[in-house]
Amino acid sequence: MDDIRYGLKDKVVVVTGGSRGIGLEIARSLLGEGAKVVICGRKSEGLDAAAGILGGGGNLMTFQAHIAKESDVNSLFDAVLDRFSRLDVLINNVGMNIMTLSVADTEPALWQKIMDTNLNGTFFCSRKAAAVMKEQGDGGRIVNISSIAGRRASPGMGVYGIAKAAVEMFTRVLASELAPFNIRVNAVAPAMVRTAFSEPFWSNEDLLREIVKTIPLGRIAEPMDVVHPTLFLASEASGYITGQTLMVDGGASVI
Ligand SMILES: NC(=O)c1ccc[n+]([C@@H]2O[C@H](COP(=O)([O-])OP(=O)(O)OC[C@H]3O[C@@H](n4cnc5c(N)ncnc54)[C@H](OP(=O)(O)O)[C@@H]3O)[C@@H](O)[C@H]2O)c1
């Protein structure tokens, strides 16, 4: 699949949370396309390590930002414009989960933390990106990384799932509002992907066997399984698609 191309050469793309996992692989593929790529994360060590892995020369920029902090997000987008003078695509990839016993027993501070990163961060980044894209006047694309947890009530992942469900509605609302500007907004919703995020599940062989039983394609996803749908939605190949959430779940949501 390495030779699939999405026509993103010279496009300026911000990938939030691109220092590892799915975001890192999205950034790697974008650089392979010849795009100008900006990744962000909270920790400078993670960003430095990612820069070492990705290379990318002048086409890669790293920026330390906590996307749940509006001032960090504003600084991120200012830096993108300083460096590349425009923005074509935003990929809202950052997400985090802290297991909760039940939503009803969740402390408000924990609820807030999960909402801040998964939902508010997506909002902060999207509003900045939309303002830039509107001003440019030649369209744009936003792709949100949601989760199957936004569709299914998953034990222990309730607050995260509620935040991701909100990301899906955010995607639809923003798509309808930004369509007149030819800014398309879509989401992908993976089931389990082999990254550090979900390692406690897939690294346990017994648990992994049980999880795989619920996936018609008979395996969990690798990051590249999410990269291709994301780049498709970021490209002109999806030019007549907006407001959609594409399930990237090996068929888990159809059974
Ligand atoms: N892996 C799965 O099984 C799975 C399944 C469905 C959906 N997803 C979704 O896919 C997306 C990517 O997940 P992943 O598995 O690649 O996660 P991951 O391996 O944990 O990577 C998360 C990335 O986001 C950054 N990050 C986390 N919080 C941040 C914040 N507040 N501000 C800025 N950067 C932040 C991390 O860097 P720092 O730590 O340095 O900040 C890192 O680069 C998430 O939206 C997740 O919800 C994942």
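Further up the page is the structure itself.
Below is a summary of the structure that appears in this document. Every chain begins its residue count from 1, and numbering advances along the sequence as written. Local features in this predicted model are restricted to residues whose pLDDT is 70 or higher, and side-chain atom pairs enter the listing and the counts only when it is 80 or higher, whereas totals over whole chains, interfaces and linings include all residues. Heavy atoms from the whole structure form the basis of all side-chain values; hydrogens and water molecules are not counted.

Quick look at the overall build of the chain now. Helix and strand labels come from DSSP, where a helix needs a run of H or I of at least four residues and a strand needs a run of E of at least two; each type is numbered from the N terminus. Counting its regular elements, the chain contains eight helices and seven strands. To get the radius of gyration, use the C-alpha atoms; to get the globule rule, take the number of residues to the power 0.38 and multiply by 2.2 Å. Rg of the C-alpha trace for the chain: 17 Å, near the compact-globule value of 18 Å for 255 residues, within the 12% margin. Along the first, second and third principal axes, the C-alpha set of the chain runs to 50 × 40 × 40 Å. For the chain, buried positions account for 51% of its 255 residues. We call a residue buried when its accessible area falls under 20% of the maximum for its residue type, exposed when it is over 50%, and partly exposed in between, using a 1.4 Å probe and counting protein chains only.

With that settled, consider the packing of helix H1 (residues 21-33) against helix H8 (residues 223-234). Across the interface, H1 lies against H8 with an axial gap of 9 Å and an inter-helix angle of 55°. Taken together, the axis directions place H1 and H8 in an arrangement best described as oblique. Crossing of H1 against H8: the hand is right-handed. Across the interface between the two elements, Ile 22, Glu 25, Ile 26, Ser 29, Leu 30 and Glu 33 from H1 touch Pro 223, Met 224, Val 226, Val 227, Thr 230 and Leu 231 from H8. Each residue receives one of three labels: charged for Asp, Glu, Lys and Arg, nonpolar for Ala, Val, Leu, Ile, Met, Phe, Trp, Tyr, Cys and Pro, and polar for the others, Gly being one of them. Of the residues in the contact of H1 with H8, the class split is eight nonpolar, two polar and two charged. Lines fitted to C-alpha atoms define the axes here, with helix axes fitted over just the stretch in contact, and angles between the N-to-C directions of these axes take values from 0 to 180 degrees. Angular relationships are summarised with four words: roughly parallel below 35 degrees, roughly antiparallel beyond 145, roughly perpendicular across 65 to 115, and oblique for the angles in between. When the near helix sits turned anticlockwise from the far one by under a right angle, the crossing is termed left-handed; a clockwise turn instead gives a right-handed crossing. Throughout, a contact is declared for two residues whenever any of their heavy atoms are within 4.5 Å.

In this section: the site of the ligand. Whether a residue is near a molecule or strand depends on its heavy atoms: if one lies within 4 Å, it is near. The environment of the ligand is formed by 27 residues, the closest being Ser 19, Arg 42, Asn 93, Tyr 160 and Thr 195. One nitrogen or oxygen atom from the side chain of Ser 19 is found 2.6 Å from an oxygen atom belonging to the ligand. For the purposes of these results, a polar contact is taken to be a pair of N or O atoms within 3.5 Å, where, inside protein, one atom must be able to donate a hydrogen and its partner to accept one; residues adjacent in sequence count only when each atom of the pair is a side-chain atom. One nitrogen or oxygen atom from the side chain of Arg 20 is found 3.1 Å from an oxygen atom belonging to the ligand. Contact with the protein chains covers 97% of the free accessible surface of the ligand, which is 890 Å². Accessible areas in this description were obtained via Shrake-Rupley with a 1.4 Å probe; residue shielding takes into account the shown protein chains only.

Each helix should span, by expectation, one fewer than its residue count multiplied by 1.5 Å. The end-to-end C-alpha separation of helix H4 (residues 108-136) is 40 Å, in line with the 42 Å expected for 29 residues at 1.5 Å each. Of all the bends in H4, the greatest, near 45°, is centred on Asp 116. Two residues or fewer after H4 comes Gly 137, characterised by a positive phi angle close to 80°. The angle between axes fitted to the seven-residue stretch ending at a residue and the seven-residue stretch beginning at it gives the bend at that residue.

The salt bridge criterion pairs a side-chain nitrogen of Lys or Arg with a carboxyl oxygen of Asp or Glu, the two atoms within 4 Å. The tally for this structure, following the rule as stated, stands at 13 salt bridges. Of the charged contacts, one joins Glu 168 and Arg 172 as a salt bridge, the two residues approaching to 3.8 Å between their closest N and O atoms. Of this pair, Glu 168 and Arg 172 both sit in helix H5 (residues 158-178), four residues apart, which is roughly one turn of that helix. Given a relative accessible area of 4%, Glu 168 falls into the buried group. Between Asp 225 and Arg 219 there is a salt bridge, and its shortest N-O distance comes to 2.8 Å. For Asp 225, a relative accessible area of 23% corresponds to the partly exposed category. Look at the salt bridges and you will find they share partners, linking Lys 9, Asp 10 and Lys 36 into a network.

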